[in-house]
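The residues making up each chain are set out below.
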Amino acid sequence: MATVDVTVMGAGVFGLSVAYACLLRGAKVQVIDPAGVGTGASGGIIGALAPHVPEQWNPKKAFQLDSLLMQGAFWEQVGARSGMPAGYARNGRTSTACRCGGS
Ligand SMILES: Cc1cc2nc3c(=O)[nH]c(=O)nc-3n(C[C@H](O)[C@H](O)[C@H](O)COP(=O)(O)OP(=O)(O)OC[C@H]3O[C@@H](n4cnc5c(N)ncnc54)[C@H](O)[C@@H]3O)c2cc1C
């Protein structure tokens, strides 16, 4: 007899987000990751999220922008439920010019 409704393999940001979404919908969820939480690409030190440039706008870019705009409320809820800061912030963007090969 199954004791869970959903088994998620992998505790990176995608696996944990899927598990969280299933939990919010009332499912009993287990996450399996022999290596531990955030040991894959999600454990890196870089975490910039950026929408695509507006040129050649298309449905995929629109979907990504919609997802980006949902981040604030999503991570605020995660922080409130977990009691741990998610570390999400809208910091804008800085850029540095590289003049490679210049004198
Ligand atoms: C250096 C670097 C910088 C990055 N910078 C950015 C950035 O600035 N902005 C951005 O949006 N993205 C960035 N990315 C990409 C982003 O980190 C990844 O797209 C994202 O973390 C992938 O999440 P994931 O959950 O799919 O994979 P992962 O975080 O890799 O999680 C996969 C998990 O699955 C587990 N696993 C593997 N096989 C099994 C198995 N058979 N059973 C159970 N568990 C298993 C692994 O142990 C791992 O924990 C960067 C990636 C790297 C490497």
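Residues numbered from 1 in each chain as written. Predicted model: local features only at pLDDT ≥ 70, side-chain atom pairs only at ≥ 80, totals over all residues. Heavy atoms only, no water.

Q: Can you explain the overall build of the protein chain? Please cite residues and give values.
A: Secondary structure summary: the protein chain contains two helices and two strands in total. The linear arrangement of helices and strands in the protein chain, starting from the amino end, is β-α-β-α. Residues counted as buried form 12% of the 103 residues belonging to the protein chain. Within the protein chain, contacts between residues at least 6 apart in sequence are counted, and of these 32% link residues at least 24 apart. (Helix = DSSP H or I, 4+ residues; strand = E, 2+ residues; numbered from the N terminus. Buried < 20%, exposed > 50% of the residue type's maximum accessible area, 1.4 Å probe, protein only. Contact = heavy atoms within 4.5 Å.)

Q: Give me the lowdown on the side chain of K61, citing residues and values where you can.
A: Considering the arrangement of structural elements, one finds K61 in helix α2 (residues 59-82). At 6.3 Å, E55 is the nearest oppositely charged side chain to K61, a buried residue that forms no salt bridge. Apart from the residues within four sequence positions on either side, K61 is in contact with H52, V53, E55 and Q56. (Lys, Arg positive; Asp, Glu negative; His and termini not counted. Salt bridge = Lys/Arg side-chain N within 4 Å of Asp/Glu carboxyl O.)

Q: Explain the site of the ligand to me, and be specific about the residues and the numbers.
A: Within the structure, the ligand sits among 19 residues, and F14, D33, A41, S42 and A48 are positioned closest to it. Contacts to the ligand include G10, whose backbone N or O atom sits 3.4 Å from a nitrogen atom. With respect to the ligand, the backbone of F14 contributes an N or O atom lying 3.0 Å from an oxygen atom. Alone, the ligand offers 1000 Å² of accessible surface; in the complex the protein occludes 52% of this. (Near = heavy atom within 4 Å. Polar contact = N/O pair within 3.5 Å; in protein donor to acceptor, adjacent residues only side chain to side chain. Areas by Shrake-Rupley, 256 points an atom, 1.4 Å probe, with all protein chains shown as cover.)

Q: So, helix α1 (residues 13-24): which residues are in play, and what are the values?
A: Between the first and last C-alpha of α1 there are 16 Å, a value that for twelve residues agrees with the 16 Å anticipated at 1.5 Å per step. Buried within α1 are the following residues: G15, A19, Y20 and C22. Take α1 and look down its axis: the buried residues cluster within an arc of 160 degrees, on one side only. Residues of α1 that are buried sit in contact with β1 (6-9), β2 (29-32) and α2. In the segment just after α1, G26 is the residue with positive phi, at about 95 degrees. (Expected span 1.5 Å × (residues − 1). Arc of directions from axis to C-beta.)

Q: Outline a nonpolar patch on the surface, listing residues and values.
A: A contiguous nonpolar surface patch, about 240 Å² in accessible area, is contributed by L16, V31 and V37. Note on placement: V37 falls in the loop between β2 and α2. Owing to a relative accessible area of 63%, V37 belongs among the exposed residues under this scheme. (Patch = residues over 30% accessible without salt bridge, like charges linked within 9 Å, V, L, I, M, F, W, Y side chains within 5 Å.)

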